[in-house]
Amino acid sequence: MNISRLAKAFITALMLLPVMVSAQSNVIDKIVARVGNEYILKSEIENMYMQENSGSTTSNADIRAELLEQLLIQKLLCTEAHLDSIDVNVTDVHVQQAIEQRINQMIETIGSKERLEQYFGQTIQELSEDMFPSYRSMLVAEEMQEKIQENIRVTPAEVRAFYKSIPKDSLVEIPAKYVIQQIVINPTIGEAEKERCRERLRDFRDRISAGTASFSTLALLYSEDPGSAAHGGDLGYFGRAGMVKEFSEVAFNLKGDKVSKIVETEYGFHIIQLIDRQGEKISARHILLIPKASAEEKEEALKRLDTIRTMVLNNEVTFDEAARYFSMDKDTRNNGGLVVDPQSEDIRLPRTSISGEMARVINRMSVGEISTPFVDYDARGREVHKIVKIKEYFPAHMANLEEDWSIFERMVLREKEQKALIKWVEEKQKNTYISIDDEYKNANFHYDGWIK
């Protein structure tokens, strides 16, 4: 019984599950399993099968059994989360934000919003609504899994023992990595461009008030927020802390369906319309316009960066100090400009994770060198101007404990977390009501406790 393999598959499946939205109409739906008060439909398994079966040599029955088992584990986690009131930590806005992120990923993969809608036979809004229940279950299951694993720690002795247990010919090559610092300067946007955005939003507001255009249509056509524009500007439900302060202060004071005054935030200029209010949360839509820097303003930002670079080269200030004093990137300025890998949260960046113009720039640099100013794009796709310094470089090498301690530490932690999840599932199976349809009674499950 390869439970370790299943644990790994389940952790991955938690992120894949929301994609499994029905794109077929010939499945006769029925309840195929119950875990506590949670139910699993045949369509859920079939939708997952559609997405995961491409190119597989495993039998159809075994694939469906594994997919059902992933759902059984998820429902077991959701049942316990409800008993422990953990499910209340998952808000509608969290679910909606996760759905929007996933839909954007699918749009990027398939090529366009229209092609995605054609594939599923649904509008983006309908797709989002269909994804909501499964995505909420996924996030609730994640919360419960985090609670199960939250107190797991790894000792140095465990890391050393794990490393010694690995055959030396099984050690992998670690790719080259960089430690990179950056200083980011955003162009100063002129008042004329800001007024252009405000004037356009005033026009939108007048058209909405006059009834000649709907808020959602204008948002779909003109909003520059990639996360909500496809949904007519709909942001879902959120609390006051769910948005930046300036936005929340206006949104939570809205009444009826009136359109707000123009709100300026770090993202640009907005108008907001209230959709619904439920206790301490509201549902709202917005239109975002982002002011664009002129060629002269961009050139001025590059000149400021060049001045900062000269100050560092003349030892008037260190790069770390310059990042703290001058950089406008809030994610890196307080740690001396160090760029962190968002996946591993490590400052050592694999070469493959560095993209765009920064990748081309560092290819021409040596350790300790500071680049000339260049234009790049941040995680939100916004144009930024920066200089970078290669603080350290780690050449490709065979994995070893001295240089790669954190890698082995994470491997041990993952193994302990998987074992904790396996133990938890086996214990909860004994005391939870579980029923499975006769169609799956002879399925090749990894865990023995599903059939009672």
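Scroll up to find the structure.
Residues numbered from 1 in each chain as written. Predicted model: local features only at pLDDT ≥ 70, side-chain atom pairs only at ≥ 80, totals over all residues. Heavy atoms only, no water.

**Student:** Hey, could you run me through the overall build of the protein chain in this one?
**Tutor:** When helices and strands are tallied, the protein chain shows 14 helices and 13 strands. For the protein chain, the spread of C-alpha atoms along the three principal axes comes to 70 × 65 × 40 Å. Here the protein chain holds 452 residues, and 46% of them are scored as buried. At a minimum sequence separation of 6, the contacts of the protein chain that also span at least 24 residues come to 67%. Roughly 23800 Å² of accessible area belongs to the protein chain as shown, and the carbon and sulfur atoms make up 49% of that amount. (Helix = DSSP H or I, 4+ residues; strand = E, 2+ residues; numbered from the N terminus. Buried < 20%, exposed > 50% of the residue type's maximum accessible area, 1.4 Å probe, protein only. Contact = heavy atoms within 4.5 Å. Areas by Shrake-Rupley, 256 points an atom, 1.4 Å probe, with all protein chains shown as cover.)

**Student:** Could you clarify how one ought to interpret a nonpolar patch on the surface in this entry?
**Tutor:** Taken together, Ile31, Tyr39 and Leu41 make up a surface patch of nonpolar side chains, about 250 Å² in accessible area. Turning to its location among the elements, Leu41 is positioned in strand E2 (residues 38-41). (Patch = residues over 30% accessible without salt bridge, like charges linked within 9 Å, V, L, I, M, F, W, Y side chains within 5 Å. Salt bridge = Lys/Arg side-chain N within 4 Å of Asp/Glu carboxyl O.)

**Student:** Explanation requested: the pairing of strand E4 (residues 177-185) in the structure shown.
**Tutor:** In the case of a regular strand, side chains alternate between the two sheet surfaces. Among the nine residues of E4, nine are classified as buried, and the element is accordingly described as predominantly covered. Both E4 and strand E11 (residues 383-394) contribute to a ladder of nine bridges, which runs antiparallel. Within E11, the residue paired with Gln182 across the bridge is Val388. (Pairing = 2+ DSSP bridges.)

**Student:** For this particular structure, what's the right way to read the sheet that holds strand E6 (residues 263-265)?
**Tutor:** Backbone-to-backbone hydrogen bonds pair the strands of a sheet. The strands run either parallel or antiparallel. One open sheet accounts for four strands, arranged E5-E8-E7-E6; its pairing is antiparallel. On the outer flanks of this sheet lie strand E5 (234-238) and E6, each paired with one strand and no other. Here the strands of the sheet are splayed against their neighbours by 40° on average, with no regard to which way each runs. Across the face of the sheet, helix H8 (residues 191-210) comes into contact with E6, strand E7 (268-278) and strand E8 (281-289) while running at roughly 35° to E7. (Axes fitted to C-alpha atoms, helices over the stretch in contact; angles between N-to-C directions.)

**Student:** Explanation requested: the packing of aromatic side chains in the structure shown.
**Tutor:** The geometry of two aromatic rings is summed up by the distance between their centres and the angle between their planes. Following the criterion strictly, the structure yields eight aromatic pairs and no others. Ring centres 4.8 Å apart and planes at 85° place the aromatic pair Tyr119 and Phe120 in the edge-to-face group. By relative accessible area, which is 42% here, Tyr119 ends up partly exposed. Taken together, a centroid distance of 5.2 Å and an interplanar angle of 20° make the contact between Phe204 and Tyr222 stacked. On the criterion of sequence distance, the pair formed by Phe204 in helix H8 and Tyr222 in helix H9 (residues 215-222) is long-range, its members being 18 residues apart. Phe204 gets classed as buried once you look at its relative accessible area, which sits at 1%. Residue classification places Tyr222 among the partly exposed positions, given a relative accessible area of 29%. (Phe/Tyr/Trp six-rings, centres within 6.5 Å; stacked < 30°, edge-to-face > 60°.)

**Student:** I tried to follow helix H12 (residues 319-326) on my own but got confused; where do I start?
**Tutor:** Because the α-helix completes a turn every 3.6 residues, residues three or four places apart line up on one side. Those residues of H12 that sit buried are Phe319, Ala322 and Ala323. An end-on view of H12 places all buried positions within 105° of arc, on one side of the element. Looking at the packing, one finds that the buried side of H12 touches E4, helix H11 (295-313) and E11. (Arc of directions from axis to C-beta.)

**Student:** In this structure, what is going on with the nonpolar core? I would like to understand it.
**Tutor:** One broad trend across soluble globular proteins is that nonpolar side chains are buried collectively. By size, the foremost hydrophobic cluster in this structure holds 48 residues, and its most contacted members are Leu68, Leu72, Ile436 and Trp450. Secondary structure elements with two or more residues in this core: strand E1 (31-35), helix H2 (42-52), helix H3 (60-83), helix H4 (92-110), helix H5 (113-120), helix H6 (124-149), helix H14 (405-431) and strand E13 (434-436). Tallying contributions element by element places H3 first for this core, with 11 residues. Not counting residues within four places of it along the chain, the set of residues in contact with Ile436 comprises Val32, Ala33, Leu68, Leu72, Lys441, Phe445, Trp450 and Ile451. (Core = buried A, V, L, I, M, F, W, Y, C linked by side-chain atoms within 4.5 Å.)

**Student:** What's the story with the environment of Glu409 in this structure? I'm lost.
**Tutor:** As for its position among the elements, Glu409 is in helix H14. Sequence spacing of Glu409 and Val159 is 250 residues, and the spatial spacing of their C-alpha atoms is 5.6 Å. For Glu409, the residues in contact, after removing those within four places along its chain, are Val154 and Val159.

**Student:** Can you walk me through the environment of Leu171 in this structure?
**Tutor:** Inspection of the secondary structure assignment puts Leu171 in the loop between helix H7 (156-165) and strand E3 (173-174). Residue Leu171 is classed as buried on the basis of its relative accessible area, which comes to 13%. A C-alpha to C-alpha distance of 34 Å links Leu171 and Arg102, two positions 69 residues apart in sequence. When near neighbours in sequence (up to four residues on either side) are disregarded, Leu171 contacts Tyr163, Ile166, Met398, Ala399 and Phe408.

**Student:** Even after reading the chapter, I still don't get unusual backbone geometry, so can you show me in this structure?
**Tutor:** As a rule of thumb, non-glycine residues mostly have phi less than zero, and peptide bonds are mostly trans rather than cis. Although it is not a glycine, Ser85 adopts a positive phi angle of roughly 60°. Relative to the elements of secondary structure, Ser85 occurs in the loop between H3 and H4. Note on Ser85: relative accessible area 45%, which makes it partly exposed. If you check the backbone angles, Asn315 has positive phi at about 60° while not being a glycine. Mapping Asn315 onto the fold places it in the loop between H11 and H12.

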